[in-house]
Amino acid sequence: MKIEILYSDLGYYYGDNGNVSYLLNCLKDAQVIYTDNTSIPYFVQNDDIDLVYMGSLSENKQLIAIERLSKYKDILKQRINENVIFLFTGNSLEILGKYIEDENNKIDCLGLYDFYTKRNLNSRINYLFKGKYEDIDIVGNKSQYSLIYSNDNNTFIQVDKGLGNNLEDKYEGIHDHNLFATYLLGPFLVLNPLFTQKIIKMINPNNELAYKKEIIDAYELRIKQMNNPKLDYSLHEH
Amino acid sequence: MESIKFYLGLISGKLASAYFSLRGNPNNDRPGILARKFDEDFMAKASKPEEVLLISGTNGKSSTTNIINSIYKLLDKKVACNEAGNNTFAGESWTLLQANNYFNKPIVDVVVMEADELYSRITFPQIKPTNLIITNLGRDSMFKNANPEVAYKSLDEALEKLIDTKVFLNADDPLSCFLGKNNKKIYYGVSNIIKDDANHISNDFIVCPKCFHKVIYEYHNYRHIGKFRCPNCDLKSPNIDYLCTKISDKEITISHQHHEYDFPLISNTIYNIYNQVAVIAYFMEMGYSPELIKSLLSKIKLPEIREEINTVNDLKIIRRAMKGQNASAASTVLKSLCESDKNKEIILMLDEIPDESAIETISWIWDTDFEFLNNDSIKRIIVSGKRYLDHKVRLLTANVNPKILFTVEDDEQLYQYLDTNNIEELYILYDIMALKRSKKVMNKIIDNLKDNKHEN
């Protein structure tokens, strides 16, 4: 079992370290490869990788990640088609689209999927989220400067409440083969143990959730609280 | 017309301030909102005394502001200060209302203002500080601050317009020490005396901001605070003007221009030592003698909102603020617990939202080093609050022994799990929003302990 954590040296933000931490608690026997931004990703030169993860970056560091990965976008697409599991959370999702646009710049991205990102650094958007992937309730929260506008059919989560790809879209994120890309923070894998269970069992059916009872208890309580019709899904500053 | 708008803001703001003072709520900053409602440029137009000091940065603003405010008061200076910590537009305007009379003439000698770093590009050029202390930058609430680079950018833009402002920078903070390119800069720091080699789950400074290669640290004092250099492009920490070279139980030693000066220690936590070094650097630069600063510091205590210590039946009970939603501040507080090997019991009250009105996000707890609680000296941990089940998962993944971990939703349930036998220190770590709850819990524990002694 081999797990690659991509560019964590650029500093994952917004709790995304929790995705790594919980995943490694579930997959204690996994060989973990931390690839820094000056190195060639393991998945580029090797086809025996089970899962590649990348989390949220600052806007400046996101540029570095785009530049580094641009050289490998063909092999990245190939690995996706080979059913390697890829998980992108937070604004690392943006890298997979066509471009990121703000008031001053238009930054070309990898162009693997048919969406683009509009960013406004003067407006932080904070939302709770509830939706459905297959038969799994997905919960989480979003905190971002950007919205994405997608024409891509590779949708991930159907929105029930909260913010989707943008203020109108009823879908959130990208799902293609075993690539899952979502703006949901949370951290996503901790807040959604049933999804995490699905992922780790894709690697090996014998894999089990770490602290299964405790994490399911926390998940069920959260779902119950999020079903409260009075709950305001837009988040205010803390 | 412009002038009328301003004076309407000033007069109505001051009247509103007087009203809130009469109602026993003198620190209410709504008068500041009112003043800005009349005139958005209120802060720019309000008169300022000769000395206007701003204190900004992610962590340590309130403590540093309150220490400096207290020292100025001991010096018999009239000070306008937002000591309650209201540090955005409202609080800053409120402070300038206190600084002036109805004719916009300064009635204080000094303005000492805690100032939010995120809005600095808008507010600082209006306030035009003579001096600015930046404590540090680090990850903070993601909802407002996103990541530290956003605050850096705002401060950088502000300082481009404030070339006459003298800036006091933490030389050991690589995230803020390169600010103020065109300003007169004073660097403060602490030498290699802490020897922190702790691993952190999240690190705010791994790669060089110039070339993105991994940096090398000569030493860390806590988190990303320390002396670094980049082996690829030679970017490195600046030289330090005011360097803390020694820390003992009661004193710190500051080296400045080849002289060494001893000062009383206000708090032995490393993050408070950095704040204190900044305070000393500031007053020395203002021309006060080390001897005078020393005598003034001996009369200073940290504000009670941050820390309160009581001793009952030989048990030391420490109630210490630990900002929720702020992983860098919270991790630093958790790290401070490992500095003593005394037997400890910990109560965590970290949720900001105490009821069903909203669901608090827990991203921050996964950026926070709860791993420090996996320590032999910690005999019991009790978590109380609405997100108790989320904290339980986090603490278990931090390898905290499940046998010493108790989690409850309601504070009233926590007392049944307290066991202070063989415990030397009981910590109550609380989010600022849980201040009242933490005081109530502390008082009840003290009463119970006193009752038990009485019964025995």
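Analysis parameters
Residues numbered from 1 in each chain as written. Chains lettered and ligands numbered in written order. Predicted model: local features only at pLDDT ≥ 70, side-chain atom pairs only at ≥ 80, totals over all residues. Heavy atoms only, no water. Helix = DSSP H or I, 4+ residues; strand = E, 2+ residues; numbered from the N terminus. Buried < 20%, exposed > 50% of the residue type's maximum accessible area, 1.4 Å probe, protein only. Salt bridge = Lys/Arg side-chain N within 4 Å of Asp/Glu carboxyl O. Patch = residues over 30% accessible without salt bridge, like charges linked within 9 Å, V, L, I, M, F, W, Y side chains within 5 Å. Areas by Shrake-Rupley, 256 points an atom, 1.4 Å probe, with all protein chains shown as cover. Pairing = 2+ DSSP bridges. Axes fitted to C-alpha atoms, helices over the stretch in contact; angles between N-to-C directions. Contact = heavy atoms within 4.5 Å. Core = buried A, V, L, I, M, F, W, Y, C linked by side-chain atoms within 4.5 Å. Domains from an automatic or database assignment. Buried area = accessible area lost by both parts, 1.4 Å probe. Polar contact = N/O pair within 3.5 Å; in protein donor to acceptor, adjacent residues only side chain to side chain. Nonpolar A, V, L, I, M, F, W, Y, C, P; charged D, E, K, R; others polar. Parallel < 35°, antiparallel > 145°, perpendicular 65-115°, else oblique. Left-handed = near helix turned anticlockwise from the far one by under 90°. Arc of directions from axis to C-beta. Right-handed = clockwise from strand over helix to strand, strands pointing away.

## Some details on the side chain of Asn272(B)
- Topologically, Asn272(B) is positioned in helix H9 (residues 270-285).
- Look at Asn272(B) and you get buried, because its relative accessible area is 9%.

## So, the pattern of salt bridges
- Counted by the stated rule, this structure contains 32 salt bridges over all chains.
- Close ionic contact of Glu208(A) with Lys212(A) constitutes a salt bridge, the shortest N to O distance being 3.6 Å.
- The partly exposed category is assigned to Lys212(A), whose relative accessible area is 39%.
- Among the charged side chains, a salt-bridge network with shared partners connects Arg139(B), Asp204(B), Arg223(B), Asp367(B) and Asp369(B).

## Thoughts on a nonpolar patch on the surface
- Taken together, Tyr7(B), Ile11(B), Leu15(B), Tyr102(B) and Phe103(B) make up a surface patch of nonpolar side chains, about 490 Å² in accessible area.
- Within the element layout of this structure, Leu15(B) appears in helix H1 (residues 2-22).

## Some remarks on the sheet that holds strand E11 (residues 259-264) of chain B
Residues and elements named next belong to chain B.
- Reading across from one edge, E2-E3-E1-E4-E5-E6-E9-E10-E11 is the order of the 9 strands in this open sheet, with mixed pairing throughout. Edge positions in the sheet fall to strand E2 (79-81) and E11, since each has one partner strand and no second. Looking at each pair of strands side by side, their axes are set apart by 20 degrees on average, direction ignored.
- Relative to strand E3 (residues 110-114), E2 runs parallel, the two being bridged by 3 bridges. Bridge pairing in E3 places valine 79 opposite valine 110.
- Relative to the sheet, helix H10 (residues 290-297) contacts strand E10 (251-256) and E11, its axis offset from that of E11 by approximately 20 degrees.

## Brief notes about helix H1 (residues 17-26) of chain A
- The element H1(A) is extensively covered by neighbouring structure, given that 10 of its 10 residues are classed as buried.
- Along H1(A), the residues classified as buried are Asn17(A), Gly18(A), Asn19(A), Val20(A), Ser21(A), Tyr22(A), Leu23(A), Leu24(A), Asn25(A) and Cys26(A).

## Notes on the nonpolar core
All names here are of chain B.
- One finds Phe370 and Ile381 to be the most contacted residues of the largest nonpolar core, which totals 168 residues.
- The element that contributes the greatest number of residues to this core is H9, accounting for 12 residues.
- The residues that make up this core include at least three from each of domain 1 (2-297) and domain 2 (307-455).
- The residues contacting phenylalanine 370, other than those within four sequence positions of it, are Met322, Leu334, Leu348, Leu350, Trp364, Ile365, Arg394, Leu395 and Ala398.
- Counting residues in each nonpolar core, the second largest holds 41 residues, with Ile134, Ala151, Leu155 and Val215 among its members.

## Some details on the domain arrangement of chain B
All names here are of chain B.
- Along its sequence, chain B is carved into domain 1 (2-297) and domain 2 (307-455).
- Computed from C-alpha atoms alone, the centre-to-centre distance between domain 1 and domain 2 is 29 Å.
- Each partner contributes to the interface: domain 1 provides 18 residues, whereas domain 2 provides 21 residues.
- With both sides pooled, the region where domain 1 packs onto domain 2 buries about 1500 Å², and carbon together with sulfur makes up 52% of that total.
- At the junction of domain 1 and domain 2, the tally comes to 2 salt bridges.
- With its nearest N and O atoms 3.5 Å apart, the salt bridge here joins arginine 223 to aspartate 369.
- Taken together, the links from domain 1 to domain 2 amount to 10 residue pairs in polar contact (both at pLDDT 80 or more).

## What to know about the interface of chain A and chain B
- On the chain B side, the residues contacting the 49 residues of chain A number 44 residues.
- Between chain A and chain B, a total of about 3900 Å² is buried, with carbon and sulfur atoms accounting for 58% of that surface.
- Across the chain A-chain B interface, the total number found is 2 salt bridges.
- A salt bridge links Asp390(B) to Arg222(A); the nearest nitrogen and oxygen atoms lie 2.8 Å apart.
- Inspection of the chain A/chain B interface yields 17 residue pairs in polar contact (both at pLDDT 80 or more).
- When contributions to the side of chain A that touches chain B are tallied by element, the ones reaching two or more residues are H1, helix H3 (59-70), strand E8 (125-133), strand E9 (136-144), helix H5 (188-191) and helix H7 (212-226) of chain A.
- Counting residues per element, the side of chain A that touches chain B draws most heavily on H7(A), at 8 residues.
- Taken together, the residues that form the side of chain A that touches chain B break down as 19 nonpolar, 20 polar and 10 charged.

## Some points on the packing of helix H4 (residues 61-74) of chain B against H9(B)
Residue and element names in this part refer to chain B.
- Look at H4 against H9: their axes get within 9 Å of each other, and the N-to-C directions meet at 40 degrees. It follows from the interaxial angle that H4 and H9 lie oblique. Crossing of H4 over H9 shows right-handed handedness. Contact residues: H4 offers Ser63, Thr64, Ile67, Ile68, Ile71 and Tyr72, while H9 offers Asn272, Asn275, Val279, Tyr282 and Phe283.
- In the contact of H4 with H9, the residues fall into 7 nonpolar, 4 polar and no charged.

## Some points on helix H2 (residues 30-38) of chain B
- Buried within H2(B) are the following residues: Pro31(B), Gly32(B) and Ala35(B). In an axial view of H2(B), the angular spread of the buried residues amounts to 105 degrees, which keeps them on one side of the axis.

## Here we look at the pairing of strand E1 (residues 2-6) of chain A
Residue and element names in this part refer to chain A.
- The buried fraction of E1 is high, at 5 of 5 residues.
- Two elements, E1 and strand E2 (residues 31-35), share 5 bridges in a ladder whose sense is parallel. Its bridge partner lying in E2, leucine 6 is registered against threonine 35.
- Taken together, E1, H1 and E2 form a β-α-β motif whose crossover is right-handed.

## Description of the pairing of strand E4 (residues 131-134) of chain B
Residues and elements named next belong to chain B.
- Burial along E4 is two-sided: the face carrying Asn131 and Ile133 and the face carrying Leu132 and Ile134 are both buried.
- By the bridge criterion, 4 bridges tie strand E1 (residues 51-56) to E4 in an arrangement that is parallel. Across the sheet, the residue bridging to isoleucine 55 is isoleucine 133, located in E4.
- Pairing of E4 with strand E5 (residues 166-170) involves 4 bridges; the strand directions are parallel. Paired with leucine 132 across the strands is valine 167, a residue of E5.

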